[in-house]
Amino acid sequence: MLDAELSGYNRPLDYNPCVECKLCVSACPVGAIGADGHFDFSSCYTHNYREFMGGFTNWVENIADSKNAHEYRSKVSDSESASMWQSLSFGANYKAAYCMAVCPAGEDVISPFLKDRKGYLQDVVKPLQDKEEAIYVNANSDAEAHVAQRFPHKIIKRVSKSVRPRNIAGFLSGLPITFQRHRSEGLAATYHFTFTGDESYEATVTIREKSIEVKDGHIGKADLRVVADSRTWLAF
Ligand code: SF4
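Residues numbered from 1 in each chain as written. Predicted model: local features only at pLDDT ≥ 70, side-chain atom pairs only at ≥ 80, totals over all residues. Heavy atoms only, no water.

K.L.:
When you look at the site of the ligand in this model, what are you seeing that I'm missing?
P.N.:
What surrounds the ligand is the set C18, V19, E20, C21, K22, C24, C103, P104 and A105. For the shell around the ligand, the per-class residue count stands at seven nonpolar, no polar and two charged. (Near = heavy atom within 4 Å. Nonpolar A, V, L, I, M, F, W, Y, C, P; charged D, E, K, R; others polar.)

K.L.:
Please explain the pairing of strand β5 (residues 211-216) as it appears in this structure.
P.N.:
The two faces of a sheet get side chains in turn, since along a regular strand they alternate between them. Across six bridges, the pairing between strand β4 (residues 201-208) and β5 is antiparallel. Counted as the bridge partner of A203 is D216 from β5. The antiparallel hairpin formed by β4 and β5 contains two residues in its connecting segment, where E209 sits at a positive phi of about 45 degrees. (Pairing = 2+ DSSP bridges. Helix = DSSP H or I, 4+ residues; strand = E, 2+ residues; numbered from the N terminus.)

K.L.:
I keep staring at the layout of surface pockets and nothing clicks. Help me out?
P.N.:
Taken as a whole, the largest pocket holds about 770 Å³ of empty space. Taken together, 25 residues make up the lining of the largest pocket; nearest its centre are K161, P165, F171, L175 and T178. Elements that contribute at least two residues to the lining of the largest pocket include exactly α10 (168-178), β3 (189-196), β4, β6 (224-229) and α11 (230-235). Across the lining of the largest pocket, the residue classes tally to 16 nonpolar, six polar and three charged. (1 Å grid on protein atoms, 1.4 Å probe; cavity = no way out; pocket = protein on both sides within 12 Å on 5 of 7 lines; lining within 4 Å. Points joined across faces, edges and corners; volume = space filled by probe spheres on them.)

K.L.:
Sorry, what's going on with the sheet that holds β5 here?
P.N.:
Strand pairs in the sheet, formed through backbone hydrogen bonds, run parallel or antiparallel to each other. Read across the sheet, four strands follow the order β5-β4-β3-β6 without closing on themselves; strand pairing throughout is mixed. Looking at the sheet topology across the chains shown, the edges are occupied by β5 and β6. Across the sheet, the axes of successive neighbouring strands diverge by a mean angle of 20 degrees, strand direction being ignored. (Axes fitted to C-alpha atoms, helices over the stretch in contact; angles between N-to-C directions.)

K.L.:
Just to check I follow, could you spell out the domain arrangement of the protein for this structure?
P.N.:
Interfaces are often described in size by the accessible area the parts lose on coming together. As assigned here, the protein comprises domain 1 (23-158) and domain 2 (168-235). Each of domain 1 and domain 2 has a C-alpha centre, and the two are 29 Å apart. The tally of links between domain 1 and domain 2 comes to one salt bridge. Counting every contact that joins domain 1 to domain 2 gives seven residue pairs in polar contact (both at pLDDT 80 or more). (Domains from an automatic or database assignment. Salt bridge = Lys/Arg side-chain N within 4 Å of Asp/Glu carboxyl O. Polar contact = N/O pair within 3.5 Å; in protein donor to acceptor, adjacent residues only side chain to side chain.)

K.L.:
When you look at the environment of V30 in this model, what are you seeing that I'm missing?
P.N.:
With respect to the helices and strands, V30 occurs in the loop between α1 (23-27) and α2 (41-48). The exposure class assigned to V30 is buried, which follows from its relative accessible area of 3%. Taking C-alpha positions, V30 is 37 Å from S200, a pair spaced 170 residues apart along the chain. Apart from the residues lying within four places of it in its own chain, the contact partners of V30 are S43, C44, H47, I135, Y136, V137, A143, H146 and V147. (Buried < 20%, exposed > 50% of the residue type's maximum accessible area, 1.4 Å probe, protein only. Contact = heavy atoms within 4.5 Å.)

See below:
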């Protein structure tokens, strides 16, 4: 029951408002949106959600691992500490969301883009691309390579993975989410995993043509067999 008069009902769009301008692709600092529409969740999560749960844990570990304030400051700049304080005090900040900031899709925002594309790029997209800022990435990830190549003026900050599986099912279902397709270029391999102990599980992971497939059971011929105690594997 609503105690207000409704002026209209929201209805799902019956068309795709995307104009294929690829500005989201070019604005994303970590290259999480591929020109082919592929979305790299872990690159987006590691950077954009830095001041949400995942990044917060890593920040706390930075404090815990530092012998003293000097060592802490060598890892976390004053502006980063201030930004984390702001997130803890007033609600978590996104670190980027540039894809949405530049997206001209939608009746109420498209006209400036259509009227003057060059001006739109200059006023809306370029300032975000040119911004000198810390970009959070996992070591040797597609995101790290993307920042170094596309935005060398941005500061690469390597952080540990914040997506940590709690069980083997979580590990296996997480593989496609954390898969680094560009790093896998040229790799064609089939892995047979056998987990023992707390969780007994068999799975086949196939990496080929920059894509990954995870299936239950042992399928096909393995290039590598991994037999591991499930708890030890998760700790590893
Ligand atoms: S910026 Fe928006 S309109 Fe342009 S390609 Fe991306 S989603 Fe589509």
